[in-house]
Amino acid sequence: MNNKITTILFDLDGTLIDTNELIISTYLHTLEKYYPSKYSREDVLPFMGPTLHEAFSTVDPDRVEEMIVEYRTFNLANHDALVKEFEGVFETIQTLFEKGYKLGIVTTKRHDVALKGLRLTNLDQFFEVVVALDHVTKVKPDPEPIFHALEQIDAAPEETLMVGDNYHDILAGKNAGTKTAGVAWSIKGREYIAKYEPDYILDHMQDLLNILGE
């Protein structure tokens, strides 16, 4: 990559922090309450990435808000026990921060829960901006959240790399005009993220340093 990249935006869940077990457990808990014995782990994997509203709308459009309340209650209660960072993330983000890159988070989580995960993994100290669900009217893959982040840290799309584990991250970056990087540790696998043709695929977070010439 040329040296024009000054800014790196990251998705949070499944990219920087491993919330996979928390999210799967929370979906299974919630769905079990409303639809006993109907859903398995494999059934909830497609819900990883979309907003809660989008996910539950496919299950029962009439009970979406009710299920979201149940989801969030269980999720918060079990958050700290089930969330951990992915290998190499802290060291890589710290290096990028020390080298002067502008760093931001663009997530479909609520702001308070996103901060909870960042603080738990001590990553909160490195990010200038956290754009969450409650800051935007449209979510990824719409480019609005990325534009919102770039405006706050005074960066242009052409000097930005968007890093994520899901299709909305890659498509949001493309829609906003940034470079994109998919992470191979996505719970859906390397082949899944490769289908959306990111500019780069990271097998390890430290690969970012090689891509950036650091």
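Each value, and the rule that gives it
Residues numbered from 1 in each chain as written. Predicted model: local features only at pLDDT ≥ 70, side-chain atom pairs only at ≥ 80, totals over all residues. Heavy atoms only, no water. Helix = DSSP H or I, 4+ residues; strand = E, 2+ residues; numbered from the N terminus. Contact = heavy atoms within 4.5 Å. Pairing = 2+ DSSP bridges. Axes fitted to C-alpha atoms, helices over the stretch in contact; angles between N-to-C directions. Expected span 1.5 Å × (residues − 1). Buried < 20%, exposed > 50% of the residue type's maximum accessible area, 1.4 Å probe, protein only. Phe/Tyr/Trp six-rings, centres within 6.5 Å; stacked < 30°, edge-to-face > 60°. Lys NZ or Arg CZ within 6 Å of the ring centre and 35° of its normal.

**Student:** Outline the side chain of Thr-7, supporting the account with residue identities and numerical values.
**Tutor:** Position of Thr-7 relative to the elements: it lies in strand β1 (residues 7-10). The residues contacting Thr-7, other than those within four sequence positions of it, are Tyr-101, Lys-102, Leu-150, Ile-153, Ala-155, Glu-159, Thr-160 and Leu-161.

**Student:** Tell me about the sheet that holds strand β8 (residues 200-202), and please be specific about residues and values.
**Tutor:** With respect to topology, six strands assemble into an open sheet ordered β5-β4-β1-β6-β7-β8, the strand pairing being parallel. Each of the sheet's edge strands pairs with one partner strand only, and the pair in question is β5 (129-131) and β8. Averaged over all adjacent pairs, the angle separating strand axes in this sheet is 25°, with direction ignored. Note: β1 against strand β4 (residues 102-106), four bridges, orientation parallel. Opposite Thr-7, over in β4, you have Lys-102 as the bridge partner. Helix α7 (residues 144-153) rests against β1, β4, β5 and β6 (160-164) of the sheet, and its axis sits at about 160° to β5.

**Student:** Can you explain helix α1 (residues 20-34)? Please cite residues and give values.
**Tutor:** For α1, built from 15 residues, the straight-helix expectation of 21 Å at 1.5 Å per residue is met to within 8% by its first-to-last C-alpha distance of 22 Å. Restricting attention to buried positions, one finds in α1 the residues Asn-20, Leu-22, Ile-23, Ile-24, Thr-26, Tyr-27, Thr-30, Leu-31 and Tyr-34. If you follow the buried residues of α1, they end up packed against β2 (17-18), α2 (41-44), α3 (52-57) and α4 (64-82).

**Student:** Report on the packing of aromatic side chains, specifying residues and quantitative values.
**Tutor:** Going through the model one piece at a time under the given rule, you end up with 11 aromatic pairs. Judged by centre distance (6.0 Å) and plane angle (85°), the rings of Phe-10 and Phe-127 are edge-to-face. Of this pair, Phe-10 sits in strand β1 while Phe-127 sits in the loop between α6 (111-120) and β5, and the two are 117 residues apart along the sequence. Residues Phe-10 and Phe-127 agree in their burial class; the two are buried. Relative to Phe-126, the ring of Phe-90 lies with its centre 5.4 Å away and its plane at 65°, an arrangement referred to as edge-to-face. With Phe-90 in helix α5 (residues 89-98) and Phe-126 in the loop between α6 and β5, this pair connects stretches of sequence that are 36 residues apart. Chaining the aromatic ring pairs together yields one cluster made of Tyr-27, Phe-47, Phe-56 and Tyr-71. Sitting over the face of the ring of Tyr-35, Lys-38 holds its NZ or CZ atom 5.3 Å from the ring centroid.

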